[in-house]
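Architecture at a glance
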Amino acid sequence: MDRPGALDRLRAAVTGFRAAHLPDADRWCVALSGGPDSLALTAAAAGLADTVALIVDHGLQDGSAAVAEAARAHAVDLGCVDARILRVTVAGAGGPEAAARTARYAALRDAHAGRPVLLGHTLDDQAETVLLGLGRGSGPRSIAGMRPYVAPWGRPLLGVRRRLTAAACTELGLTPWHDPHNSDHRFTRVRLRREVLPLLEEVLGGGVAEALARTAAAVGEDTDYLDGLAEARLRDTADPRALDSAGLGALPAPIRRRVLRAWLLAGGATGLTDEQIRRVDALVTAWRGQGAVAVPSALPRQRLVAARTGGRLVLRTEPVAARPDLGR
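Reading guide: rules and limits
- Residues numbered from 1 in each chain as written.
- Predicted model: local features only at pLDDT ≥ 70, side-chain atom pairs only at ≥ 80, totals over all residues.
- Heavy atoms only, no water.
- Helix = DSSP H or I, 4+ residues; strand = E, 2+ residues; numbered from the N terminus.
- Buried < 20%, exposed > 50% of the residue type's maximum accessible area, 1.4 Å probe, protein only.
- Contact = heavy atoms within 4.5 Å.
- Salt bridge = Lys/Arg side-chain N within 4 Å of Asp/Glu carboxyl O.
- Core = buried A, V, L, I, M, F, W, Y, C linked by side-chain atoms within 4.5 Å.

Moving on, we get to the side chain of Asp281. Take Asp281: it is sitting in helix 12 (residues 274-285). For Asp281, a relative accessible area of 5% gives the class buried. Discounting chain neighbours no more than four positions away, the residues touching Asp281 are Arg256, Arg257 and Leu260.

Turning our attention to the pattern of salt bridges. Taken as a whole and assessed by the stated rule, the structure comprises 20 salt bridges. Salt-bridge contacts for Asp125 lead to Arg162; the nearest nitrogen and oxygen are separated by 2.9 Å. Of this pair, Asp125 sits in helix 5 (residues 123-136) while Arg162 sits in helix 7 (residues 162-172), and the two are 37 residues apart along the sequence. A residue is classified by how much of its surface remains accessible, and Asp125, at 10% relative accessible area, is buried. Using a relative accessible area of 22% as the deciding quantity, one classes Arg162 as partly exposed. With its nearest N and O atoms 2.5 Å apart, the salt bridge here joins Asp224 to Arg147. One end of the pair, Asp224, is in helix 9 (residues 208-235); the other, Arg147, is in the loop between helix 6 (140-143) and strand 5 (149-150), with 77 residues separating them in the sequence. Since its relative accessible area comes to 45%, Asp224 is described here as partly exposed. One salt-bridge network, held together by shared partners, links Asp37, Asp125, Glu128, Arg162, Arg189 and Arg193.

By size, the foremost hydrophobic cluster in this structure holds 34 residues, and its most contacted members are Leu10, Trp28, Leu32, Leu118 and Leu157. Only helix 1 (6-21), strand 1 (27-31), helix 2 (36-46), strand 2 (50-57), helix 3 (64-77) and helix 7 provide two or more residues apiece to this core. A per-element tally of this core places helix 2 first, with seven residues. In this structure, Leu248, Ile255, Ile277 and Leu313 belong to the second largest nonpolar core, which totals 21 residues.

Structural measurements only, silent on function.
Written out as structure tokens, the structure reads:
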């Protein structure tokens, strides 16, 4: 029996994803960059449900408008019911990669109109994400990598190698766009892709990307279970605005830190790291009268702090002193 072609294998992956996460979906969006992964995903998805292609033009490179228009034309040819170009302005802290990602996801969130948004991340991307998490010591949540579905974002190709999407484009006679940033060795992820993973494959005898993806899936299952226990514990708290330190101290450490994380996020914290959560945890487990712990938030001209007072943990805001105008 003939082996299924690359596009058929991608359609099978998308079909399995839909059965597991979106069994009633008859329409969705695809985030289309014009690259081989998102282009192949668009081809597979458009054959299974009404598909709207959302193409983000970051405007960071000469000719980006032409790249976006070419992607739009491909989407129409592949059977998408609509294809829209979303032009964004990239600005903000965290470097160009982070700023572009923030702008992209904001544009997709504004445009998806309640539909799931399929993203073209592959098993290779998952392996790179796990390595980044390991290298940064970000804890199990980071090692769990990207989740297959966290509404509205869906990743049907997390079990598919990148070479299969390239093969699907070849089958279809498509010429995908190749982002020059993906070969720029100034970016950490590019060096992981081009240097670290090939070396690991050589040293460990192959199969490293698949092993990293399996690790992400296993850690993700454990994390989801523990998160569920922590959320139930937080729901049972008499006053979620002030947590009882003694009650928290009696909890196993993995549950306690997850309760604290959920509590901080519910109170307005954003972008928490494992180190920050552990500092708040020390207010419970290593209390010696230390001061409040500031945590990141999006509050304008204020900062969010966790403090221990009267045997309870509380969240409060404090004004941020304006910097003096020293002139020019």
